[in-house]
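Structural features, examined
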Amino acid sequence: MKLAIELEGKQHTVELVRVDERLRCNVDDRALEADAVEVAPGVYSILMGGESLEVRVKPRTEAGVTGLRVIVGSREFLADVRDPRQWRRRRGAAAEAEGRQHVLAPMPGKIIRVLVKAGDSIEMKQGLVVVEAMKMQNEIRSPKSGVVERIMVTEGQTVNTGEVIVIIA
């Protein structure tokens, strides 16, 4: 898998290849080998060059921001990852997601309102559900126009970060 990664404003090309039990990684054409195991959701144990690292990967939760927070020890990095297989070109913020989409909870919280129902036709950026987190209500919007295939949550239900809340076809 080849990825274009923006890490703290700097562009990098990362190619990941699994060879037996090892992960071979080329970062900007520099080869690295590592043993990587996901020990919990979003938590990785990585052995690289005789050094053991614990890496935590979390979605960024700031309003209107996409990407990841990568925490290694006491250091935190902000990363924006693009997979060239899915996005052949960077089309900007107005780009609409393609194909069937699983809309994920961006933060843990409680579902306050479900704004759509299965079978509804929706537009890109239309509100789907309202999640309350830390006494603030956040409207989760659709990444594409389409039809609501399935709603995976109900009002009053608590959700965790990354949990599927709506499926859009």
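That block above? That's the structure.
Read on for an overview of the structure. (Residues numbered from 1 in each chain as written. Predicted model: local features only at pLDDT ≥ 70, side-chain atom pairs only at ≥ 80, totals over all residues. Heavy atoms only, no water.)

Digging into the overall build of the protein chain
Assigned secondary structure in the protein chain consists of zero helices and 16 strands. A buried classification covers 27% of the 169 residues belonging to the protein chain. Across the protein chain, the fraction of contacts at a sequence separation of at least 24, relative to all contacts at a separation of at least 6, is 40%. Only carbon and sulfur atoms are counted for the fraction: they give 51% of the accessible area of the protein chain, which is about 11100 Å². (Helix = DSSP H or I, 4+ residues; strand = E, 2+ residues; numbered from the N terminus. Buried < 20%, exposed > 50% of the residue type's maximum accessible area, 1.4 Å probe, protein only. Contact = heavy atoms within 4.5 Å. Areas by Shrake-Rupley, 256 points an atom, 1.4 Å probe, with all protein chains shown as cover.)

Let's talk about the sheet that holds strand 11 (residues 121–122)
Reading across the sheet, the four strands line up as 9-16-14-11 and stay open at both edges, with antiparallel pairing between neighbours. Pairing within the sheet leaves two strands with one partner each, and these edge strands are strand 9 (101–104) and strand 11. Looking at chain direction, strand 11 and strand 14 (residues 146–151) are connected through two bridges and run antiparallel. Across the sheet, residue I122 finds its bridge partner in strand 14, namely G146. (Pairing = 2+ DSSP bridges.)

With respect to the pattern of salt bridges
All told, the structure shown has five salt bridges when counted by the stated rule. E54 serves as the salt-bridge partner of R56, at 3.2 Å between the closest nitrogen and oxygen. A relative accessible area of 35% places R56 in the partly exposed class. Exposure remark for E54: the relative accessible area of 45% places this residue in the partly exposed category. (Salt bridge = Lys/Arg side-chain N within 4 Å of Asp/Glu carboxyl O.)

Shape descriptors only; they carry no functional weight alone.
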